[in-house]
Amino acid sequence: MDLLISMLTMVGVRLPVLIAVVWVVDTPRGAIRSVALAALGVMALTTLAGLVLNLVPMWMVQQGNYENLQLMSKLLGAGHFALNLFEALALVLLVWAMTRALRGHAVPPTAPLPPR
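Please read all numbers here as calculations on a predicted model, not as lab measurements.

Definitions and limits used
Residues numbered from 1 in each chain as written. Predicted model: local features only at pLDDT ≥ 70, side-chain atom pairs only at ≥ 80, totals over all residues. Heavy atoms only, no water. Core = buried A, V, L, I, M, F, W, Y, C linked by side-chain atoms within 4.5 Å. Buried < 20%, exposed > 50% of the residue type's maximum accessible area, 1.4 Å probe, protein only. Helix = DSSP H or I, 4+ residues; strand = E, 2+ residues; numbered from the N terminus. Contact = heavy atoms within 4.5 Å. Axes fitted to C-alpha atoms, helices over the stretch in contact; angles between N-to-C directions. Parallel < 35°, antiparallel > 145°, perpendicular 65-115°, else oblique. Left-handed = near helix turned anticlockwise from the far one by under 90°. Nonpolar A, V, L, I, M, F, W, Y, C, P; charged D, E, K, R; others polar. Expected span 1.5 Å × (residues − 1). Arc of directions from axis to C-beta. 1 Å grid on protein atoms, 1.4 Å probe; cavity = no way out; pocket = protein on both sides within 12 Å on 5 of 7 lines; lining within 4 Å. Points joined across faces, edges and corners; volume = space filled by probe spheres on them. Polar contact = N/O pair within 3.5 Å; in protein donor to acceptor, adjacent residues only side chain to side chain. Patch = residues over 30% accessible without salt bridge, like charges linked within 9 Å, V, L, I, M, F, W, Y side chains within 5 Å. Areas by Shrake-Rupley, 256 points an atom, 1.4 Å probe, with all protein chains shown as cover. Salt bridge = Lys/Arg side-chain N within 4 Å of Asp/Glu carboxyl O.

### Quick notes on the nonpolar core
Thought 1: Within the largest apolar cluster, ten residues are counted, these being Val-17, Ala-20, Val-24, Ala-36, Ala-39, Leu-40, Met-43, Ala-90, Leu-94 and Ala-97.
Thought 2: For this core, the secondary structure elements donating two or more residues are helix H2 (15-25), helix H3 (31-63) and helix H4 (69-104).
Thought 3: Sort the elements by how many residues they give to this core and H3 lands first, with four residues.
Thought 4: Sequence-distant contacts of Ala-97, defined by excluding residues within four places in its chain, comprise Ile-32, Val-35 and Ala-36.

Structure representation (structure tokens):
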């Protein structure tokens, strides 16, 4: 039961990523949309991989397998570090896409009126 509650909590925290995917899918096709969808896809994959990495030690403790827990802790730490790097890259891509999309809809400045 504790494992299920932990899993639901981890998924619930990342629910905004899924909502963002729904918003981006509804936008017109283009390069910006493709980058945004790729970034959100990477974020979703890192969320799922992080969920698995968080569940492994809990599952090992539930099974009573304490022998390899210290070694597994180092490996899981390295895995979380790699996932955080991918998530940071996805966030940079998402911000780039948002910036490009917002600049594309900006109103160009008007030229000043000539003096009379």
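### A look at the packing of H3 against H4
Thought 1: The geometry of H3 relative to H4 is characterised by a closest axis approach of 8 Å and an angle of 160° between their N-to-C directions. Put simply, H3 runs roughly antiparallel to H4. For H3 against H4, the interelement crossing comes out left-handed.
Thought 2: Tallied by class, the residues present in the contact of H3 with H4 amount to 24 nonpolar, five polar and two charged.

### Considerations on H3
Thought 1: Relative to the 48 Å expected for 33 residues at 1.5 Å per residue, H3 spans 48 Å between its end C-alpha atoms, a close match to the ideal helical length.
Thought 2: One or two steps after H3, the chain reaches Gly-64, where phi turns positive at roughly 80°.

### Describing H2
Thought 1: Within the span of H2, buried status applies to Val-17, Ala-20 and Val-24. Down the axis of H2, the buried set is contained in an arc of 60°. They therefore lie on one face.

### Remarks on the layout of surface pockets
Thought 1: Of the voids in this model, the largest pocket is the one considered here, and its volume is about 310 Å³.
Thought 2: Along the wall of the largest pocket there are 16 residues; nearest its centre are Thr-27, Ile-32, Ala-97, Met-98 and Ala-101.
Thought 3: Of all the elements in the fold, those that place two or more residues in the lining of the largest pocket are H3 and H4.
Thought 4: Considering every element that reaches the lining of the largest pocket, the biggest residue donor is H4, with seven residues.
Thought 5: A class-by-class count of the residues in the lining of the largest pocket yields nine nonpolar, four polar and three charged.
Thought 6: Its boundaries defined by the atoms lining it, the second largest pocket holds a volume of some 230 Å³.
Thought 7: Lining the second largest pocket are 13 residues, and of these Arg-14, Thr-46, Thr-47, Gly-50 and Asn-54 lie nearest its centre.
Thought 8: When contributions to the lining of the second largest pocket are tallied by element, the ones reaching two or more residues are helix H1 (2-13), H3 and H4.
Thought 9: The element best represented in the lining of the second largest pocket is H3, accounting for five residues.

### Describing the side chain of Thr-46
Thought 1: Of note, Thr-46 is situated in helix H3.
Thought 2: Looking at Thr-46, its side chain comes within polar contact range of the main-chain oxygen of Met-43, at 2.8 Å.
Thought 3: Filtering out sequence-adjacent residues up to four positions away, Thr-46 remains in contact with Leu-83, Phe-86 and Glu-87.

### Details of a nonpolar patch on the surface
Thought 1: A contiguous nonpolar patch, built from Leu-15, Leu-18, Ile-19, Val-22 and Trp-23 and spanning about 540 Å² of accessible area, is present on the exposed surface.
Thought 2: By relative accessible area, Leu-18 is classed as partly exposed at 47%.

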